[in-house]
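# Reading the structure
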Amino acid sequence: MNRNTLLTGITYCLIPVLAWGGMFPVMQVALKVLDPFYFTTIRYIWAGLILLGMLIVFEGKDALRLEGKSWKLLFFGTAGFSGFGFLTFVGQQLSGPSGAIIASVIMALMPLMTTCVNWALNKSKPKLSTFISIFIALLGALLVITNGDPSLIVQAKDHIGASLLIMLGALCWVVYTMGASQFAGWSPLRYTALTTCFGSLMNILIVLSATVFGALTMPSAERIGSAGSELLYMILIAGVLAVFTWNVGNKILKPENGMLFMNIVPVTTVTISALQGVEVGRLQLVGTLIVIVALVMNNLIQRQRKEAGEYAK
């Protein structure tokens, strides 16, 4: 990979993680007005339509052909835009005032989740250093979640349950990101647009079913309008722009490298949350730093081993 290609990949991965760093504080405000299910559904309906329009303009109507991959599109679209959207933001809502920070730190665990998924799928067992990194990163995440008070694990089961939901949401995004490799020859825009549309269809089905059975209540137009600015950010910036550039960046750098940029998300989120007046505990800051250091060290060790192996050849 030449230097220009590398810089292009880095740029395309930086754009979405900076946008997603602001996503969680924005959602912290939006979740006071709309439930995460309707918000996510509305968000991806519009994002899907915009991406679909972009696909037709830039690649023509032939790019709408599914090529017998409709079930794959449904699976990865559901993982990325139903699993991630619903699980992550329900978990954030249940986490209370610190929900944005907790969610962002858990997102930073995605590089290690990618390693574990690779292990499960490709039977490539990680090195001992990776397991140590996973353990240290989880300790850091636990420090953020509990703010240094271990008793919260027992006293606040909903709090820990919320974090588990966010972790499942993060895992869904890892699956979605890695799913792009199943569409060889497709452009990032085509993969992004079609999976968003399939994910949106699943969101609509889930939300309508839940509404019919009384589990959800359809929000009024006034309530939706009151979250208008948050919706615009989540549709255009954290949706269309971020998801598209993320898929482009990961196609260039590969998911195991692109995922490392998720370490930037909690830094941005903590900064914005503090500016919003959210109290950020010192131990939460320490936990955030521990997660980032553990992940960066793990990546550096892996790179050194890879370079040593290539040199030996």
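Above this text you will find the structure in question.
Because the structure is a prediction, the values reported are computed rather than measured. (Residues numbered from 1 in each chain as written. Predicted model: local features only at pLDDT ≥ 70, side-chain atom pairs only at ≥ 80, totals over all residues. Heavy atoms only, no water.)

Let's shift gears to the overall build of the chain. Within the chain one finds 14 helices and zero strands. Of the regular secondary structure in the chain, the N- to C-terminal order runs α-α-α-α-α-α-α-α-α-α-α-α-α-α. Computed over its C-alpha atoms, the radius of gyration of the chain comes to 19 Å, within 12% of the 20 Å expected for a compact globule of 313 residues. Referenced to the eigenvectors of the C-alpha coordinate spread, the extents of the chain come out at roughly 60 × 55 × 35 Å. Looking at the chain as a whole, 49% of its 313 residues qualify as buried. If you take every contact in the chain between residues at least 6 apart in sequence, the share linking residues at least 24 apart comes to 87%. Counting every atom, the chain has about 15000 Å² of accessible surface; 69% of that belongs to carbon and sulfur. Computed over 20 positive and 12 negative side-chain charges, the inter-centroid distance for the chain is 10 Å. (Helix = DSSP H or I, 4+ residues; strand = E, 2+ residues; numbered from the N terminus. Rg over C-alpha atoms; globule rule 2.2 N^0.38 Å. Buried < 20%, exposed > 50% of the residue type's maximum accessible area, 1.4 Å probe, protein only. Contact = heavy atoms within 4.5 Å. Areas by Shrake-Rupley, 256 points an atom, 1.4 Å probe, with all protein chains shown as cover. Lys, Arg positive; Asp, Glu negative; His and termini not counted. Charge placed at Lys NZ, Arg CZ, Asp CG, Glu CD.)

Our next topic: the side chain of Ser104. Mapped onto the elements of the fold, Ser104 is located in helix α4 (residues 99-107). In contact with Ser104, other than residues within four places in its own chain, are Phe24, Val265, Pro266 and Thr269.

So, on to the layout of surface pockets. Of the voids in this model, the second largest pocket is the one considered here, and its volume is about 490 Å³. In this structure, the second largest pocket is lined by 25 residues; those nearest its centre are Thr177, Met178, Gly179, Ala180 and Ser181. Going through the elements one at a time, α5 (110-122), α8 (157-179), α9 (188-212), α11 (228-253) and α12 (255-258) are the ones with two or more residues in the lining of the second largest pocket. Across the lining of the second largest pocket, the residue classes break down as 12 nonpolar, 10 polar and three charged. (1 Å grid on protein atoms, 1.4 Å probe; cavity = no way out; pocket = protein on both sides within 12 Å on 5 of 7 lines; lining within 4 Å. Points joined across faces, edges and corners; volume = space filled by probe spheres on them. Nonpolar A, V, L, I, M, F, W, Y, C, P; charged D, E, K, R; others polar.)

Residues Trp119, Leu128, Phe131, Ile132, Phe135, Ile136 and Leu139 make up a contiguous nonpolar surface patch of about 670 Å² in total accessible area. Mapped onto the fold, Leu128 is located in helix α6 (residues 128-146). (Patch = residues over 30% accessible without salt bridge, like charges linked within 9 Å, V, L, I, M, F, W, Y side chains within 5 Å. Salt bridge = Lys/Arg side-chain N within 4 Å of Asp/Glu carboxyl O.)

Moving on, we get to the pattern of salt bridges. Enumeration according to the criterion identifies two salt bridges in this entry. Between Glu67 and Arg65 there is a salt bridge, with the nearest N and O atoms lying 3.4 Å from each other. On the basis of relative accessibility, which here comes to 41%, the residue Glu67 falls in the partly exposed class. The residue Arg190 makes a salt bridge to Glu67 at a minimum N-O spacing of 3.1 Å. Taken together, the residues span a long stretch of sequence, with Arg190 in helix α9 and Glu67 in the loop between α2 (36-59) and α3 (70-94) at a distance of 123 residues. Through salt bridges that share partners, Arg65, Glu67 and Arg190 make up one connected network.

A few words on the environment of Pro188. Secondary-structure assignment places Pro188 in helix α9. Residue classification places Pro188 among the buried positions, given a relative accessible area of 18%. Between the C-alpha atoms of Pro188 and Ser133, which are 55 residues apart in sequence, the distance is 31 Å. Leaving out residues up to four positions away in the same chain, Pro188 has contacts with Phe244, Asn247, Val248 and Lys251.

Here we come to the nonpolar core. Core analysis: the largest hydrophobic core is formed by 74 residues, its most contacted members being Trp20, Met23, Met107, Met110, Trp173 and Met262. For Met262, the residues in contact, after removing those within four places along its chain, are Val17, Trp20, Met107, Ala108, Met110 and Trp246. Counting five residues, the second-largest nonpolar core is a separate cluster that includes Tyr38, Phe86, Val207 and Leu216. (Core = buried A, V, L, I, M, F, W, Y, C linked by side-chain atoms within 4.5 Å.)

Once that is clear, we can look at the packing of α4 against helix α13 (residues 264-275). Between α4 and α13, the shortest axis-to-axis distance is 8 Å and the interhelical angle comes to 170°. It follows from the interaxial angle that α4 and α13 lie roughly antiparallel. Contacts between α4 and α13 involve Ala100, Ile101, Ser104 and Val105 from the former and Val265, Pro266, Thr269, Val270 and Ser273 from the latter. (Axes fitted to C-alpha atoms, helices over the stretch in contact; angles between N-to-C directions. Parallel < 35°, antiparallel > 145°, perpendicular 65-115°, else oblique.)

Counting along an α-helix, one turn takes 3.6 residues, and residues three or four places apart therefore face a common direction. Here α3 contains 25 residues, and its C-alpha end-to-end distance of 34 Å stays within 8% of the 36 Å for a straight helix at 1.5 Å per residue. Remark: the principal bend of α3, roughly 35°, maps to Thr78. Immediately downstream of α3, the backbone of Gly96 shows phi near 80°, a positive value. (Expected span 1.5 Å × (residues − 1). Bend = angle between axes of the 7 residues up to and from the residue.)

All right, on to empty space enclosed by the protein then. The tally for this structure, following the rule as stated, stands at two cavities of 30 Å³ or more. Each pocket or cavity is described by its volume, and for the largest cavity that value is around 40 Å³. Trp20, Met23, Phe24, Phe84, Met107, Met110, Trp173, Met262 and Val265 are the residues that line the largest cavity. The element contributing the most residues to the lining of the largest cavity is helix α1 (residues 3-30), with three residues. Along the lines of polarity and charge, the residues of the lining of the largest cavity split into nine nonpolar, no polar and no charged. Of all elements in the fold, only α1, α2 and α11 reach the threshold of two or more residues within the lining of the second largest cavity. Classifying every residue of the lining of the second largest cavity gives seven nonpolar, no polar and one charged.

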